[in-house]
Amino acid sequence: LMLEGGGLVNGAFLAASLVDELQILMAPALDADPNVQGIVVHPGGLAGSCELSLASIIPREHGLVQLTYTVSRKDAAPS
């Protein structure tokens, strides 16, 4: 299942441990608008609740870069 939500939806799914992979496309452009919401928003933040591990970096056309991270709970017991 692919989730393409806004920052609040993405944050809620991450906080609920329902995300196992995060893909980000980085474009060679800067917006810098202070009113633009980030890709993940969650009340109180998510610091310390999940961990991202870089899985791959793939260059794409037009200067795009696709970053793929695996997502795991920091407080999860080791398997």
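Scroll up to find the structure.
Residues numbered from 1 in each chain as written. Predicted model: local features only at pLDDT ≥ 70, side-chain atom pairs only at ≥ 80, totals over all residues. Heavy atoms only, no water.

Caption draft 1: Spatial organisation of the overall build of the protein chain. Secondary structure summary: the protein chain contains one helix and three strands in total. Mapped from its N terminus to its C terminus, the protein chain presents α and β elements in the order α-β-β-β. Oriented by its inertia axes, the alpha-carbon framework of the protein chain measures out at about 40 × 30 × 25 Å. A buried classification covers 16% of the 79 residues belonging to the protein chain. A separation threshold of at least 6 residues defines the contact pool for the protein chain, and within that pool the share at least 24 residues apart is 63%. Roughly 6,100 Å² of accessible area belongs to the protein chain as shown, and the carbon and sulfur atoms make up 59% of that amount. (Helix = DSSP H or I, 4+ residues; strand = E, 2+ residues; numbered from the N terminus. Buried < 20%, exposed > 50% of the residue type's maximum accessible area, 1.4 Å probe, protein only. Contact = heavy atoms within 4.5 Å. Areas by Shrake-Rupley, 256 points an atom, 1.4 Å probe, with all protein chains shown as cover.)

Caption draft 2: Inspection of unusual backbone geometry at higher detail. The phi angle at Ala32 is positive, at roughly 65°, despite the residue not being glycine. By the element assignment, Ala32 lies in the loop between strand S1 (21–26) and strand S2 (50–59). Not every positive phi belongs to a glycine, and His62 is a case in point at roughly 65°. Secondary-structure assignment places His62 in the loop between S2 and strand S3 (65–73). The class of His62 is exposed, set by a relative accessible area of 70%.

Caption draft 3: Representation of the pairing of S3. Alignment of S1 against S3, held across six bridges, turns out to be antiparallel. Across the sheet, Ile24 pairs through a bridge with Leu67, a residue of S3. Bridge analysis of S2 against S3 gives nine bridges, and the strand direction is antiparallel. Note on S3: the bridge partner recorded for Leu52 is Val71. Hairpin geometry of S2 and S3 is characterised by an intervening segment of five residues between the two adjacent antiparallel strands and by a positive phi of about 65° at His62. (Pairing = 2+ DSSP bridges.)

Caption draft 4: Expanded view of the sheet that holds S1. Strand order in this open sheet of three strands is S1-S3-S2, and the pairing throughout is antiparallel. Of all strands in the sheet, those bounded by a partner on one side alone are S1 and S2. Between one strand and the next, the sheet's axes are offset by a mean angle of 25°, whatever the strand orientation. (Axes fitted to C-alpha atoms, helices over the stretch in contact; angles between N-to-C directions.)

Caption draft 5: Spatial organisation of the environment of Leu52. Tracing the backbone through its elements, the reader meets Leu52 in strand S2. Accessibility expressed as a relative area gives 44% for Leu52, which makes it partly exposed. For the pair Leu52 and Ser72, spaced 20 residues apart in sequence, the C-alpha to C-alpha distance is 6.7 Å. If sequence neighbours within four positions are ignored, Leu52 has contacts with Leu22, Tyr69, Thr70 and Val71.

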